Amino acid sequence: GSQRRACFVFTRRSPAKMAANSVQTFGRKKTAVAVVHCKAAKQSGKGLIRFNGAPIELIQPETLKFKAMEPILLLGRERFANLDLRIRVKGGGHVSQMYAVRQAIAKALVAYYQKFVDEQSKKELKDALLTYDRTLLVADPRRMEPKKFGGRGARARFQKSYR
């Protein structure tokens with residue numbers, strides 16, 4: 001069958017319009033791709049985290065909301081207090097979208113700290129995330145194997161009868 005592939009085109013804005021301190025990262029799981037645009041908040045301490053335009057707290061169901069917010073809960077809200085995160089996600093199902101989102105958030109924070117804060121605190125963040133769960137920073141390479149003829153799936157074959 002045909003495989004879905006997400007394709008993003010990032011247009012470079014003129015330097016005047018680009019946010020002063022911003023990074024853009026992505027997270028992937030199966031066919032879901034989440035892109036996070038992370039920049040310094042306009043008012044310090046008023047960091048917004050928006051998921052497809054709505055606040056991240058509104059994600060349903062609750063279990064998936066906690067999965068998406070794992071990096072935030074793990075590292076503490078205060079690290080995100082001065083950051084605005086805008087998350088867009090496409091493709092995949094509900095669960096793989098949440099996994100893509102949590103990876104993108106974690107990668108965005110690490111990238112932001114590397115670029116605009118210092119190497120030491122970035123290393124602390126990275127170690128904390130990796131000891132908790134490696135998939136927060138490293139993409140899972142597993143994909144669905146294509147179905148073949150002679151069976152109902154990739155490996156399963158139709159039952160064989162002799163008469």
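Preceding this paragraph is the structure being described.
Our subject in this report is the structure included herewith.

Procedures and definitions
Counting from 1, residues in each chain are numbered in the order their sequence is written. The model is predicted, so local features are restricted to residues of pLDDT at least 70 and side-chain atom pairs to those at 80 or more, both for listing and for counting; the totals for chains, interfaces and linings are taken over all residues. As a convention, hydrogens and water are excluded, and side-chain values are obtained from all of the structure's heavy atoms. Salt bridges are defined by distance alone: a side-chain nitrogen of Lys or Arg within 4 Å of a carboxyl oxygen of Asp or Glu. Helix and strand assignments follow DSSP, with helices taken as H or I runs no shorter than four residues and strands as E runs no shorter than two, numbered in order from the N terminus. Burial classes follow relative accessibility: with a 1.4 Å probe on protein chains only, a residue under 20% of its type's maximum area counts as buried, one over 50% as exposed, and anything between as partly exposed. Side-chain atoms within 4.5 Å are what join buried Ala, Val, Leu, Ile, Met, Phe, Trp, Tyr and Cys residues into a set we call a nonpolar core. Should any heavy atoms of two residues lie within 4.5 Å, those residues are considered in contact.

**Considerations on the pattern of salt bridges**
Piece 1. Per the counting criterion, the structure on display carries eleven salt bridges.
Piece 2. For Lys123, the salt bridge goes to Asp127, with nearest N and O atoms at 3.6 Å. Of this pair, Lys123 and Asp127 are both found in helix α4 (residues 119–132), four residues apart, which corresponds to roughly one turn of the helix.
Piece 3. Residue class for Lys123 comes out partly exposed when judged on its relative accessible area of 48%.
Piece 4. On the basis of relative accessible area, Asp127 is assigned to the partly exposed category, the value being 37%.
Piece 5. In this structure, Arg155 engages Glu145 in a salt bridge whose closest nitrogen and oxygen atoms are separated by 3.1 Å. Placement of the pair is Arg155 in the segment after α4 and Glu145 in the segment after α4, with a sequence separation of ten residues.
Piece 6. By relative accessible area, which is 65% here, Arg155 ends up exposed.

**Describing the nonpolar core**
Piece 1. Val36, Cys38, Phe51, Ile56, Ile87, Val101 and Ile105 are the most contacted members of the largest nonpolar core, which totals 34 residues.
Piece 2. It is helix α3 (residues 94–116) that provides the largest number of residues to this core, a total of eleven residues.
Piece 3. Those residues in contact with Ile87 that lie beyond four places of it in its chain are Val35, Val36, Ile49, Arg50, Phe51, Asn52, Ile56, Val101 and Ile105.

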